[in-house]
Amino acid sequence: MVTRVVFKAPMPMLLRACWQVSGLCSAAILLSCTPAEQPPISPPGALVADEVCSFCHGVTGQSIAQEVPKLAGQQKAYLTKQLTRFRGHEHLGEFSARYMRQFAQLTDGQIDELSEYFSEQPPMTAQGDGEHTVGEAIYRSGLPNISVPGCASCHGAQAQGSGSIPRLAGQHARYLSQRLEVLAAAQGSVSSSHLLPPAAAEMVALYLASLGANK
Ligand code: HEC
Ligand code: HEC
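None of these values were measured; they are calculated from a predicted model.

Colleague: Residue-level account of the overall build of the protein chain, with values.
Modeller: Helix and strand counts for the protein chain come out as eleven helices and zero strands. When the helices and strands of the protein chain are placed in sequence order, the string is α-α-α-α-α-α-α-α-α-α-α. Looking at the protein chain as a whole, 38% of its 215 residues are labelled buried. Sequence separation of 24 or more characterises 67% of the internal contacts of the protein chain that already satisfy a separation of 6 or more. Surface summary for the protein chain: the accessible area is close to 12,800 Å², and the carbon and sulfur share equals 61%.

Colleague: I'd like to hear about the site of ligand 1, residue by residue, with values.
Modeller: Lining the immediate environment of ligand 1, one finds 22 residues, of which Cys53, Cys56, His57, Ser96 and Met100 sit closest. Gln178 is positioned with one of its side-chain polar atoms (N or O) 3.3 Å from an oxygen atom of ligand 1. Looking at the shell around ligand 1, the elements that each hand over two or more residues are α3 (46–57), α4 (76–87), α5 (94–100) and α9 (173–185). Of all the elements, α4 adds the most residues to the shell around ligand 1, at five residues. Tallied by class, residues from the shell around ligand 1 come to 15 nonpolar, five polar and two charged. Counting the residues that make up the shell around ligand 1, at least three belong to each of domain 2 (46–119) and domain 3 (133–210).

Colleague: Which residues make up the packing of α9 against helix α11 (residues 198–210), and what values do they have?
Modeller: At a minimum axis distance of 8 Å, the contact between α9 and α11 shows a crossing angle of 140°. The angle between the axes of α9 and α11 places the two elements in the oblique class. The handedness of the crossing between α9 and α11 is right-handed. For the pair formed by α9 and α11, the contact residues are Ala173, Leu176, Ser177 and Leu180 on the first element and Ala201, Glu202, Val204, Ala205, Leu206, Leu208 and Ala209 on the second.

Colleague: How would you summarise the coordination of the iron atom of ligand 2 if you had to cite specific residues and measurements?
Modeller: Taken together, His155 (NE2) and His194 (NE2) make up the protein donors of the iron atom of ligand 2, found 2.0 Å from the metal. Geometry at the iron atom of ligand 2 is octahedral, judged from its six donor atoms and the angles of 85 to 179° they form at the metal. Residue His155 is found in helix α8 (residues 152–155), and its partner His194 is found in the loop between α10 (189–193) and α11; the two are separated by 39 residues along the sequence. For the pair His155 and His194, one class covers both residues: buried.

Colleague: Let's hear about the side chain of Ser191: which residues, and what values?
Modeller: Residue position: Ser191 is located in helix α10. Not counting the four nearest positions on each side in its chain, Ser191 is found in contact with Leu183, Ala184 and Ala186.

Colleague: Describe in detail the site of ligand 2, supporting the description with residues and values.
Modeller: The local shell around ligand 2 holds 21 residues, among which Lys81, Cys151, Cys154, His155 and His194 are the closest. At 2.7 Å, a side-chain N or O of Lys81 approaches an oxygen atom of ligand 2. Measuring from a nitrogen atom of ligand 2, one finds a side-chain N or O atom of His194 at 2.7 Å. Going through the elements one at a time, α4, α8 and α9 are the ones with two or more residues in the shell around ligand 2. Tallying contributions element by element places α9 first for the shell around ligand 2, with five residues. Class assignment for the residues of the shell around ligand 2 results in 13 nonpolar, five polar and three charged.

Analysis parameters
Residues numbered from 1 in each chain as written. Chains lettered and ligands numbered in written order. Predicted model: local features only at pLDDT ≥ 70, side-chain atom pairs only at ≥ 80, totals over all residues. Heavy atoms only, no water. Helix = DSSP H or I, 4+ residues; strand = E, 2+ residues; numbered from the N terminus. Buried < 20%, exposed > 50% of the residue type's maximum accessible area, 1.4 Å probe, protein only. Contact = heavy atoms within 4.5 Å. Areas by Shrake-Rupley, 256 points an atom, 1.4 Å probe, with all protein chains shown as cover. Near = heavy atom within 4 Å. Polar contact = N/O pair within 3.5 Å; in protein donor to acceptor, adjacent residues only side chain to side chain. Nonpolar A, V, L, I, M, F, W, Y, C, P; charged D, E, K, R; others polar. Domains from an automatic or database assignment. Axes fitted to C-alpha atoms, helices over the stretch in contact; angles between N-to-C directions. Parallel < 35°, antiparallel > 145°, perpendicular 65-115°, else oblique. Left-handed = near helix turned anticlockwise from the far one by under 90°. Donors = N, O, S within 2.8 Å, 3.2 Å for Na, K, Ca; no water. Tetrahedral: all angles 85-135°; square planar, octahedral: opposite > 155°, others 65-115°.

Here's what the structure looks like:
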């Protein structure tokens with residue numbers, strides 16, 4: 001005996017095809033049809049990313065505005081650290097206070113899922129071209145005359161970051177310069193690694209923005 005299945009939604013096309021071909025869609029055919037019918041499973045975090053964060057950061061974390069950081073391919077541990085700081089209102093900087101203050105309601109689970117989602121996206125794309133020899137030299141060797149260490153020693157040879165040290169390759173130049181200013185003004189060891197004169201900060205930022213994945 002054939003059990004008829006009542007479909008709430010319109011019968012999916014493939015299933016309907018099975019139905020027509022066999023005339024009696026047996027359980028076996030149903031089984032072999034259904035896997036192809038499953039809607040793609042969105043990764044956790046994708047819904048909030050799409051409905052809330054995408055407005056400023058873009059759906060996949062490739063933000064357009066120079067002041068809004070790209071999150072695509074950012075280190076997961078770093079994203080988690082920053083989102084936890086936003087939640088506790090402990091993140092430094094005027095822009096953070098203005099734009100990210102409203103995200104105090106995120107749960108630990110949502111922070112983890114959002115960090116996972118953005119870190120798994122294709123990494124930030126390169127922008128700008130041309131030579132950046134001075135910026136690159138600062139990135140590799142720092143400014144020994146004023147005791148600023150090379151950035152690559154922490155941020156990595158490709159500026160890809162690691163763990164709670166952020167990826168910088170492909171990030172917006174203006175955002176990088178602005179963060180360098182904020183970090184330099186902070187206290188402690190993170191500050192001393194980021195104490196660049198403004199002109200040097202700008203050159204290294206333009207160099208970093210030109211790295212990253214190809215468009
Ligand atoms: C209204 C615009 C806006 C929305 C919506 C928004 N952000 Fe942001 N976000 C910003 C801006 C601007 C900054 C840069 C703050 C600064 O310069 O300190 C930022 C910074 C961040 C950073 C720090 C990145 C870094 O490199 O340090 C993370 C992580 C982040 N946002 C994640 C999110 C997530 C996740 C959501 C969604 C829940 C979200 N943002 C929604 C505007 C926004
Ligand atoms: C001793 C290790 C170390 C060195 C050297 C270092 N950094 Fe960093 N950098 C960090 C850490 C850790 C953070 C994250 C700070 C935080 O938690 O907010 C950071 C954050 C940053 C940020 C903020 C990125 C964002 O998404 O908000 C920028 C920009 C940056 N570094 C650029 C540089 C540049 C340019 C140099 C070289 C002049 C440099 N760093 C040298 C460890 C280092």
